[in-house]
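# Close look at the chain arrangement
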Amino acid sequence: MNPVPSPARPATAHAARAVRRRTRVLRPAVAAAALALALTACDSGSSAAGGAGGTTAATRVVGTAHGKVTVPAHPLRIVSVHSWSTESLFDLGLTPVGVEDSGANYVPPRYLKGWKAAAKVSTGADLDYERIAALKPDLIVGVDVPYLSKAYRRLSAIAPTAFASFRESDSWTAYPDATASFVNRTAQLARLKKKYADRIAAVRAAEGAKLSGSRWDVIQGGFDSGNYWIYGPSSPVGDILARLGARFASATAAVDKGATKSVSYERADLLKDADHLVYYTNNDGSPANDIQKLFALRAFKELPAARNHRVVGTADFLPGSYNDAIGVVDAIEKALKDHTG
Amino acid sequence: MGTATISTTDVVPGTDGEGRRRRTAVTAARLLGLLLVCALLALVTVVSVAVGAKAIPPGEVLRALLHGRASVDDSVVLDLRLPRTLLGIAVGAALGLAGVLMQALTRNPLADPGLLGVNMGASAAVVVAIALWHSTDPSFCVWFAFAGAGLASALVHLLGSRGRSGPPPVRLALAGTAVSAVLSALISVVTLLRPDVFDQFRFWGVGSLGGQPMSVVTEVLPFLGAGALLALGLSGPLNTLALGDDTARALGTGVRRTRLLGLLAVTLLCGAATAAVGPIAFVGLAVPHLARTLTGPDHRWLMPYAMVCGAALLVGSDILGRVLARPGEIQAGIVTAFAGAPVFIALVRRRRIAEL
C-alpha cells in the first residue's frame, strides 16, 4: 500500500526515495547513539556536590610542579583531577566539588560515597573544562602526570592550579604531603602520619617475627594481555612492607626503583620463593586487571604461596592517602593472623 | 550457484598437448609450493609449542605432549602454549581466507576483513557485553563478539544491497566503512563515558593469543570450520566473478548468491576469529597479496595458500612477541602490524599489486 501523500512529505517520488534512503542510512547511527546513551546512563547517578559558596580573600604561595602558585589560604571549592589528590583530600577532611573518574571500582570503599557525590570532571586524559569552570573552583589540585601536565595551562586559566611533581621513583607519600600543603592542612596531615606510623609500629610489634621471617612478592594483572606485573620494593606496597620489616622474595627484589616488570604467564615460577603474594583488587574484593587468569593456571596454583592460601588482595594497592596505606597494613596483618604457624 | 571453475591463469596458449603439459607443470609447482608452505607452518607450530618466555627442554615439551600434565612445565606447554598455537593456526587461517574473500567480493586489493565492519561489530558487541555484564571472560565475550560481527555484516549488506546482482563492490565497501565509523563512535562514547568499561575493554582491544584457555579454541572452531568450508566452496564462482558480473553470469555463476554466501563466510571467519583473540591487523590484508605472488589469482589455489600463510604469519608473530620481550610478551596483534607492514610495503614495491 502506498503512503498517503501529505503536505509535510516530499512532493516527488524521487525526493521521497531520497528521504527514505537517508532515513535508512541514519537509522543505524541513531540506534547506535541511543544504545550508547543507554549504556552510559547505566552507571551514572553522580551529582555535583556543592561545597560552601564563596572564597576567602587571604592567599598563600605554594611550591608546585609548575613553580610557585598563589592559592587561597582556605580553599572551599576544590576540584581534583587525579585520584591520589582526591583520596588525600578526603583523608584531610575536605570534600572536593569535582573529581576525576577513573572507574568507581578503583575508588577505595572508605571514599566511595564522597567520590560518588562529587561532580565528575575528567576521564583519564579527557578533561571537561566547561564543567570544571561551571563548578567555580577556587583551587584545582592534581598530580603532574604527563596527560595532566599538558592540561595545566588551560586549568590554571580557570582557577589556581597546584600539581604535585610526578616521578616514577617518588614515594607514594610525596602526593598526600603535597596535597596537604596545597590545601593548607598540614596539621591534619601530621595527625594522619602519626596514625600511620603508630599502626606500622603496632603491627611490627605484634607480627615482627612473621614479617621478617617471610618473603613477599607484589603483583597485579598486566594491562598487556598474557602478562602480569611484578612491583618492586620502592612501589607503594613494597614501601609499606619494608616499613613493616618484611623481606622481599626474589621477583620483587629484582625490580628496579620506580619500575614494574611485565612478565609472561609462563613465568609464574618467578614467584616460587615467595611465602606471600600481595595483589590488587577492585573495591568489591574481586581481582583487578584480569589477574584471575594467572590465578587459574596450574603453574600459579602450584606456587607455595598459592598452595598455602597466602595470596593477599588489597584495594589500596596504589595508595593515595595515609588511610589507604593503613588499609594495606590492615590487609597484611589480617593475612598474617589468618595463617598462624 | 554456478559450477564454472574457469581459471584466468590456466588458459595457456599453444597446442592441446603442450597446454596440457604446461597446466600439469603449473599444478605440480603449485602443489609443491603448497607442501612447502605447509612444511613452514609445521615448523612454526613446533617452534611455538617448544619456545616461549620460559625455557623448557625439548624432551620435557615432548613428554608433556605425549603423557600429559606431570609437572608445572608440562602445564605451561599444555595450558598456555598449545591453546595459543592452535588458536593462532585457526585464527590466522581464517583471517587469511577472509582477506581473500573480501578482496574478491569487493574487487579491491586494499580490502581486508575490517572493511565490512565485521571486526568493529565484534568489538562493539564486546563493549556492550562489558558495559551490561562487567565480564571479559573469553567464553562469555566470544558469543557477543560473534553476534556483533553477524549483525554488523547483515547491516552492511542491507545498506549496500541493491539490484539483482547483490551488493555491488563499491557500495558494499562504502556501507562497511559507514557502519564501521558508527560502531567505532559507539565504542568511543561508551568507553569514554564509562571508565570501568574502558578498563576492561583494553584487555581485549589489542589482539592477543596469550592467556586464552583451550575452551576458546573449541568454542570458535565450529564457526571457523563452517566459514572455511563455505569459502572454499566459492573458489570457482569467485574466479568467474573476477571476470566481471556479466561474464560470470554468462558462465553460469549466480552472482548474487556468490556474494551473499561470501559475506556469510567472511562473517563466520572474522566474527569467530575476532571474538577469540580480539582485532588482529594486517593478516587479512597482507596475506592474500603474499599468497597471490605464489599462486596467481586462481582462487582454488589462492585460498588454501592464504590459509596456510595466514596461520604461519600469525603463529610466527606470536613466537616473535614471546621471544623478543622475555620474560614478558608482546601481543600478536602488535607484532603482526609491525612485521606485516614492512612485508606488505616490500611486496608493493617489488611488483605491481596483482589484478584481482
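## Things to note about the overall build of chain B
- Secondary structure summary: chain B contains 14 helices and zero strands in total.
- Its helices and strands taken in sequence order, chain B reads α-α-α-α-α-α-α-α-α-α-α-α-α-α from the N to the C terminus.
- Taken over 356 residues, chain B has a buried fraction of 55%.
- Once local pairs closer than 6 in sequence are excluded, the contacts in chain B between residues at least 24 apart make up 76%.
- With the model as given, the accessible surface of chain B reaches about 14000 Å², and the carbon-plus-sulfur share is 69%.

## Description of the overall build of chain A
- Each helix and strand in chain A was counted, giving 14 helices and 14 strands.
- When burial is assessed residue by residue, chain A has 49% of its 341 residues classed as buried.

## Some words on helix 3 (residues 72-106) of chain B
Residues and elements named next belong to chain B.
- The end-to-end C-alpha distance of helix 3 is 49 Å, a good match for the 51 Å that 35 residues give at a rise of 1.5 Å each.
- Among the 35 residues that make up helix 3, 30 are buried, leaving the element largely enclosed by the rest of the structure.
- Sitting at the amino-terminal end of helix 3 is Ser71, which places a side-chain oxygen 3.4 Å from the backbone nitrogen of Asp73.
- The first or second residue beyond helix 3 is Arg107, which carries a positive phi of 50°.

## A look at the nonpolar core
- Grouped together as the largest cluster of nonpolar side chains are 82 residues, with contacts concentrated most on Leu87, Val91, Leu101, Leu116, Leu238, Val266 and Leu269 of chain B.
- Among the elements that line this core, the one with the most residues is helix 3 of chain B, at 13 residues.
- Beyond its immediate sequence surroundings of up to four residues, Val266 of chain B is in contact with Ala98, Leu101, Met102, Leu105, Leu116, Val118 and Gly271 of chain B.
- If you look at the next biggest cluster of nonpolar residues, it comprises 67 residues, including Ile200, Leu211, Tyr231 and Ile326 of chain A.

## Points about the packing of helix 7 (residues 174-182) of chain A against helix 8 (residues 186-212) of chain A
All names here are of chain A.
- Relative orientation of the contacting elements helix 7 and helix 8 amounts to 155°, with a least axis distance of 8 Å. On the basis of their axis angle, the class for helix 7 and helix 8 is roughly antiparallel. Along the contact surface, helix 7 presents Pro176, Asp177, Ala180 and Ser181, while helix 8 presents Thr186, Leu189 and Lys193.
- Residue composition of the contact of helix 7 with helix 8, grouped by class: three nonpolar, two polar and two charged.

## Considering the pattern of salt bridges
- Here the structure, examined in full by the defined rule, presents 26 salt bridges over all chains.
- One salt bridge connects Arg110 of chain A with Asp316 of chain A, and the closest N-O pair in it is separated by 2.8 Å. With Arg110 of chain A in helix 3 (residues 109-117) and Asp316 of chain A in the loop between strand 14 (311-314) and helix 14 (322-338), the pair connects residues that are 206 residues apart, well separated along the chain.
- Taking relative accessible area as the criterion, Arg110 of chain A reaches 39% and is therefore assigned partly exposed.
- The closest approach of N and O atoms between Arg167 of chain A and Asp170 of chain A, which form a salt bridge, is 3.3 Å.
- Each member of the salt-bridge network shares a partner with another, and the members are Glu266 of chain A together with Arg81, Arg84, Asp318, Arg322 and Glu329 of chain B.

## A word on unusual backbone geometry
- For the bond running from Arg326 of chain B to Pro327 of chain B, omega is 0°, close enough to zero to count as cis.
- Even without being a glycine, Asn289 of chain A presents a positive backbone phi close to 55°.
- When you line up the elements, Asn289 of chain A lands in the loop between strand 13 (276-280) and helix 11 (292-295).
- Here the phi dihedral of His309 of chain A falls at roughly 55°; this positive angle occurs in a residue that is not glycine.
- With respect to the helices, strands and loops of the structure, His309 of chain A is situated in the loop between helix 13 (304-307) and strand 14.

## A short note on the environment of Gly333 of chain B
Residues and elements named next belong to chain B.
- When you line up the elements, Gly333 lands in helix 14 (residues 332-350).
- With 126 residues separating them in the primary sequence, Gly333 and Gly207 have C-alpha atoms 4.4 Å apart.
- Those residues in contact with Gly333, other than ones at most four positions away along the chain, are Gly207 and Ile280.

## Points about the side chain of Thr295 of chain B
Residues and elements named next belong to chain B.
- Relative to the helices and strands, Thr295 resides in helix 12 (residues 283-295).
- For Thr295, a relative accessible area of 4% translates into the label buried.
- Residues within four places of Thr295 in sequence aside, it is in contact with Arg30, Trp301, Leu302 and Tyr305.

## Some thoughts on the pairing of strand 9 (residues 215-221) of chain A
Residue and element names in this part refer to chain A.
- In terms of burial, strand 9 is largely enclosed, as six of its seven residues are buried.
- Relative to strand 11 (residues 247-248), strand 9 runs parallel, the two sharing two bridges. Along strand 11, the bridge assignment pairs Trp216 with Phe248.
- Pairing geometry for strand 9 and strand 13, over four bridges, is parallel. Opposite Asp217, over in strand 13, you have Leu277 as the bridge partner.

The rules behind the values
Residues numbered from 1 in each chain as written. Chains lettered and ligands numbered in written order. Predicted model: local features only at pLDDT ≥ 70, side-chain atom pairs only at ≥ 80, totals over all residues. Heavy atoms only, no water. Helix = DSSP H or I, 4+ residues; strand = E, 2+ residues; numbered from the N terminus. Buried < 20%, exposed > 50% of the residue type's maximum accessible area, 1.4 Å probe, protein only. Contact = heavy atoms within 4.5 Å. Areas by Shrake-Rupley, 256 points an atom, 1.4 Å probe, with all protein chains shown as cover. Expected span 1.5 Å × (residues − 1). Polar contact = N/O pair within 3.5 Å; in protein donor to acceptor, adjacent residues only side chain to side chain. Core = buried A, V, L, I, M, F, W, Y, C linked by side-chain atoms within 4.5 Å. Axes fitted to C-alpha atoms, helices over the stretch in contact; angles between N-to-C directions. Parallel < 35°, antiparallel > 145°, perpendicular 65-115°, else oblique. Nonpolar A, V, L, I, M, F, W, Y, C, P; charged D, E, K, R; others polar. Salt bridge = Lys/Arg side-chain N within 4 Å of Asp/Glu carboxyl O. Pairing = 2+ DSSP bridges.

Geometric descriptors of this kind do not, in isolation, establish any biological role.
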